[in-house]
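# Coordinates in review
Spelled out, the chains give:
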Amino acid sequence: MFESAELGHSISDREYDREVPKLREALLKAQYDLLADKSFPVIIIIGGVDGAGKSETVNILNEWMDPRHIVTRAFGKMSDEERERPRMWRYWRALPPKGRIGILFGAWHADPIVKLVMGKLNEAQMELAMDQIVTFERMLVDEGALILKFWFHLPKKVQKKRLKALEADPKTRWRVTDTDWEQYKLYDTFRNVSETALRQTSTDYAPWTIVEGTDPNYRYLTAGRTLLDALRKRLGGSKPPVSRHAALPEPALDGRSVLSRIDYGQRLAHKDYTRKLEKYQGELNLLTRHKKIRGKSLIVVFEGLDAAGKGGTIRRVTGALDARQYQVIPIAAPTEEERAQPYLWRFWRHLPRTGRVTIFDRSWYGRVLVERVEKFCSEQDWMRAYHEINDFEEELIEAGGIVAKFWLTITKQEQLQRFREREKTPFKHFKITPEDWRNRKKWKEYEQAVCDMIERTSTEAAPWCLIPSNDKYFARIEVLKILCRRVAESL
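All figures in this text were calculated on a predicted structure; none of them were measured in a lab. (Residues numbered from 1 in each chain as written. Predicted model: local features only at pLDDT ≥ 70, side-chain atom pairs only at ≥ 80, totals over all residues. Heavy atoms only, no water.)

## As for the overall build of the protein
- For the protein, the count of helices and strands is 20 helices and 10 strands.
- For the C-alpha atoms alone, the extent of the protein along its principal axes is close to 85 × 50 × 45 Å.
- Within the protein, the fraction of its 491 residues that count as buried is 52%.
- If you sum the accessible surface of the protein, you get close to 24200 Å²; carbon and sulfur atoms cover 50% of it.
- Here the protein holds 85 positive side-chain charges and 71 negative ones, and the gap between their average locations is 4 Å. (Helix = DSSP H or I, 4+ residues; strand = E, 2+ residues; numbered from the N terminus. Buried < 20%, exposed > 50% of the residue type's maximum accessible area, 1.4 Å probe, protein only. Areas by Shrake-Rupley, 256 points an atom, 1.4 Å probe, with all protein chains shown as cover. Lys, Arg positive; Asp, Glu negative; His and termini not counted. Charge placed at Lys NZ, Arg CZ, Asp CG, Glu CD.)

Okay, here's the thing in structure tokens:
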């Protein structure tokens, strides 16, 4: 795979000086067209061997274009904050918004390659990491991103010569470390592992461009022209097809569903509620302060029908926790900043560190619920969201997260009574809006969306807990009991 990057490619200074002004002008125009268009981001991945000119190429791209509209990030060793979250968290935070260019130096491919070479990853784990990368990049492209991936290569002898030259120059000596020389000794292993990784992750929607790094002129022009061609093509209207997923099953002929079988008549007397509330809040408090929870995080998702009692239930959960330990994230319509990013970005940014709790009052399931029913997104968007959500939750769990998901549900008659009570009670007026009444008119559509959501996203590791909430006392205790059980099982 690297043979074509070991042919001694070069561009004369004369040709380089003739081509660069035209290329710079065209790149700047394309960049400003992208900024005005604001319909997609550009993600440039920079990888390759040490000494192949990666950093010099990044500097050139920033020089040739307007660096104010370029986000450049380099990834080294993980910080404590990054180690306490899923591996991909650090990369999600670095994604550029629509209309901008993001240059990611040593991004998500680098870590598994280095770990396999160093013996910190086995072949099966490496294959899984590559599959996750392909899925992640497919999701970015489905969200509209243009991905360009450059791998800068040097033959072994040239790399050794380049490292020695850098080390001999006082101005560049700092760039060559003991780690660089240690990795040079493993050049052949790195080459084989990298070749396999690139082959597995080079796709039609996010292919690798391998660039020989021996000659700077060739290196810079290749990167610049590749970027320009991709920008022009995309701004001209070309876009990879969006992934399609299996169709949803038709509703059962007899009308029965996971919601219709729920027993809404379950009740709990006030005196029993008071006693059990104290019991389970105390138990949850002890569990979340257990020494083993320090290596885990707790992510609690509350979804449900309007007026089903999510707010009151959340208050009973937080009443059991140390205020320094948790945060509640209310999810409403996305902001302009959030709309400029992939859908899941707004949730990745709020993931807790280990030993902490994050409670989502509504969540990433909005895409397959309200956005589906109200047609705020396309059918393709919400159809592929099931798969993306399952992948997201799987990453949370692999990183030590405990994911607890609650759907609070009430009957149509009970909802009507609560709506009317809110209208009659002055201090509850803020809880009822015209939107609540509009949503009620689409009861059947929402019911079908909920059933499909449960069918597609209730997994063994992150099952949906369906809580009948006609009686608020019963619902609150059920949630606390299940939370205690989920946390205890994970310790």
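## Notes on the packing of aromatic side chains
- Applying the stated criterion to the full structure yields 21 aromatic pairs.
- Residues Phe360 and Trp364 carry aromatic rings whose centres are separated by 5.0 Å and whose planes lie at 70 degrees to one another, so their mutual orientation is edge-to-face.
- Above the face of the Tyr343 ring, Arg367 is positioned so that its terminal group lies 4.1 Å from the ring centre. (Phe/Tyr/Trp six-rings, centres within 6.5 Å; stacked < 30°, edge-to-face > 60°. Lys NZ or Arg CZ within 6 Å of the ring centre and 35° of its normal.)

## Points about the sheet that holds strand β2 (residues 70-74)
- Spatially, five strands are ordered β2-β3-β1-β4-β5 in an open sheet, and the strand pairing comes out parallel. The outermost strands of the open sheet, each flanked by one partner alone, are β2 and β5 (208-212). Strand-to-strand twist in this sheet, taken as the mean axis angle between neighbours without regard to direction, amounts to 20 degrees.
- Here seven bridges tie strand β1 (residues 42-48) to strand β4 (residues 146-153), and the two strands are oriented parallel to one another. Opposite Ile44, over in β4, you have Leu148 as the bridge partner. (Pairing = 2+ DSSP bridges. Axes fitted to C-alpha atoms, helices over the stretch in contact; angles between N-to-C directions.)

## What to know about the packing of helix α5 (residues 110-117) against helix α9 (residues 187-201)
- Where α5 meets α9, the closest approach of the two axes is 10 Å, and the angle between their N-to-C directions is 140 degrees. One finds that α5 runs oblique with respect to α9. Here the hand of the crossing between α5 and α9 comes out right-handed. Contacts between α5 and α9 involve Ile113, Val114, Leu116 and Val117 on the former and, on the latter, Thr189, Phe190, Val193, Ser194 and Ala197.
- Classifying every residue of the contact of α5 with α9 by side-chain character gives seven nonpolar, two polar and no charged. (Parallel < 35°, antiparallel > 145°, perpendicular 65-115°, else oblique. Left-handed = near helix turned anticlockwise from the far one by under 90°. Contact = heavy atoms within 4.5 Å. Nonpolar A, V, L, I, M, F, W, Y, C, P; charged D, E, K, R; others polar.)

## Details of helix α1 (residues 13-37)
- Taking 1.5 Å of rise per residue, the 25 residues of α1 would be expected to cover 36 Å, and the 35 Å separating its terminal C-alpha atoms lies within 8% of that figure.
- Along α1, the sharpest kink reaches roughly 30 degrees, centred on Glu19 and followed within four residues by the proline Pro21.
- Looking at α1, one finds that the buried residues are Tyr16, Glu19, Val20, Leu23, Ala26, Leu27, Ala30, Gln31, Leu34 and Leu35.
- Looking at the buried residues of α1, the elements they touch are β1, α2 (54-64), β2, β3 (101-105) and α10 (216-235). (Expected span 1.5 Å × (residues − 1). Bend = angle between axes of the 7 residues up to and from the residue.)

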